[in-house]
Amino acid sequence: PDLQWSESQYRALHLAKLGVNELAPIAGQHPDLLRYLQRKETSRTDKEEAVLPLRLVMLWPKQWSQEHQSAASSWVKSLVVQQAWPEHHIVMQEAKSEHANPIALLDQICVSVHRAQLPTVGILLACESAIDQESVDGLEAQNNLFGGKNTQGLRPGEVAAGLLFT
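Being a predicted model, the structure only gives us computed values, none of them experimental.

Cut-off values and rules
Note on numbering: residues in each chain are counted from 1, in written sequence order. Local features in this predicted model are restricted to residues of pLDDT 70 or higher, and side-chain atom pairs are both shown and tallied only at a pLDDT of 80 or more, whereas totals for entire chains, interfaces and linings draw on every residue. To get the side-chain values, all heavy atoms of the structure are used, and hydrogens and water are removed first. For the purposes of this entry, the term helix denotes a DSSP run of H or I that reaches at least four residues, the term strand denotes a run of E that reaches at least two, and both are numbered from the N terminus. Exposure classes here rest on a 1.4 Å probe applied to the protein chains alone. A residue is buried below 20% of its type maximum, exposed above 50%, and partly exposed in between. Whether two residues are in contact is decided by their heavy atoms: any pair within 4.5 Å suffices. To measure how exposed things are, a 1.4 Å probe is used in the Shrake-Rupley method; for residues, cover is taken only from the protein chains shown. His residues and chain termini do not enter the charge count, which takes Lys and Arg as positive and Asp and Glu as negative. To locate a charge, the coordinates of NZ of Lys, CZ of Arg, CG of Asp or CD of Glu are taken. Helix span, as expected, comes to 1.5 Å for every residue beyond the first. Only strands that DSSP links by at least two bridges are regarded as paired with each other. For the handedness criterion, the strands are oriented away from the viewer, and a crossover whose path from the first strand over the helix to the second runs clockwise is classed as right-handed. Counted as a polar contact is a pair of N or O atoms within 3.5 Å, where, for protein atoms, one must be capable of donating a hydrogen and the other of accepting one, and residues adjacent in sequence contribute only when both atoms are in side chains. Each nonpolar core is a collection of buried residues, namely Ala, Val, Leu, Ile, Met, Phe, Trp, Tyr and Cys, held together in the definition by side-chain atoms within 4.5 Å.

## Topic: the overall build of the protein
Broken down by element type, the protein carries five helices and four strands. Secondary structure elements of the protein, listed N to C terminal, follow the sequence α-α-β-α-β-α-β-α-β. Principal-axis analysis of the C-alpha atoms places the extent of the protein at approximately 65 × 35 × 25 Å. Counting over 166 residues, the protein shows a buried share of 35%. Expressed as a percentage of contacts within the protein between residues at least 6 apart in sequence, the contacts between residues at least 24 apart total 74%. For the protein, the accessible area works out to roughly 10,600 Å², and carbon and sulfur atoms hold 52% of it. Each charge class in the protein can be summarised by its mean position, and for the 14 positive and 19 negative side chains these summaries are 9 Å apart.

## Looking at helix H1 (residues 7-27)
Here H1 spans 30 Å end to end across 21 residues, near enough to the 30 Å set by a 1.5 Å rise per residue. Along H1, the positions that sit buried rather than exposed are Ser8, Gln9, Ala12, Leu13, Leu15, Ala16, Gly19, Val20, Leu23, Ala24 and Ala27.

## Some points on the pairing of strand S2 (residues 90-93)
Side-chain positions along a regular strand alternate between the two faces of the sheet. Summarising the sheet, strand S1 (residues 54-59) and S2 pair through four bridges and their orientation is parallel. The partner of valine 57 across the bridge, within S2, is glutamine 93. In this fold, S1 hands off to helix H3 (residues 66-82), which returns the chain to S2; that crossover is right-handed.

## Quick word on the environment of histidine 68
Note that histidine 68 resides in helix H3. Once the C-alpha coordinates of histidine 68 and leucine 3 are considered, the two residues, 65 residues apart in sequence, prove to be 7.2 Å apart. Here histidine 68 is in contact with Leu3, Gln4, Trp5 and Gln9, once residues within four sequence places are set aside. Here glutamine 4 takes part through its backbone oxygen, which lies 2.7 Å from a polar atom of the side chain of histidine 68. There is a polar contact of 2.6 Å between the side chain of histidine 68 and the side chain of serine 65.

## What to know about the nonpolar core
The biggest cluster of nonpolar side chains holds 27 residues, and the ones touching the most others in it are Leu54, Trp60, Val80 and Trp85. Every element with two or more residues in this core is listed here: H1, helix H2 (31-41), S1, H3 and strand S3 (121-130). Considering each element in turn, this core owes the most residues, eight residues, to H1. If near-sequence neighbours (up to four positions away) are discounted, tryptophan 60 is found in contact with Leu13, Ala16, Gln69, Ala72, Ser73, Val76 and Cys127. Core analysis: the second largest hydrophobic core is formed by eight residues, Leu105, Leu106, Ile109 and Leu124 among them.

Spatial relationships are all this shows, so hold off on functional conclusions.
Here you go:
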């Protein structure tokens, strides 16, 4: 409640929610999770270790504060929990600055999983909203705004991209 969110941050969060709502149900079809949920419904006790941890990797805009990123990641985790994945089996993986590139991050995950010889399932999600006037002004001030005189510049926009990996 102490954090102030901008309109562009709310738009990015909305895009993240759309991505998670599409990918989490697909991840929820993992056979281990389905077996666990079926046994739970029939009141059979089952070892929760039978459920693979779900790696949840969020790539938030670089200009967001650590507090905003943390709060947003916790919120996304709660959305995944609503899709039936046990909360204590969701691992939030931080994207370190050297792995801010999604391809480098996936490579790092693959290498660590291979070394540990652990099966894994995860969701990688990135989102950004930069269509507000502040973003446009920032691009223009740095001579990075696309236009007639700057055809190599950047265009304001918003996007979310997600990937389910196993």
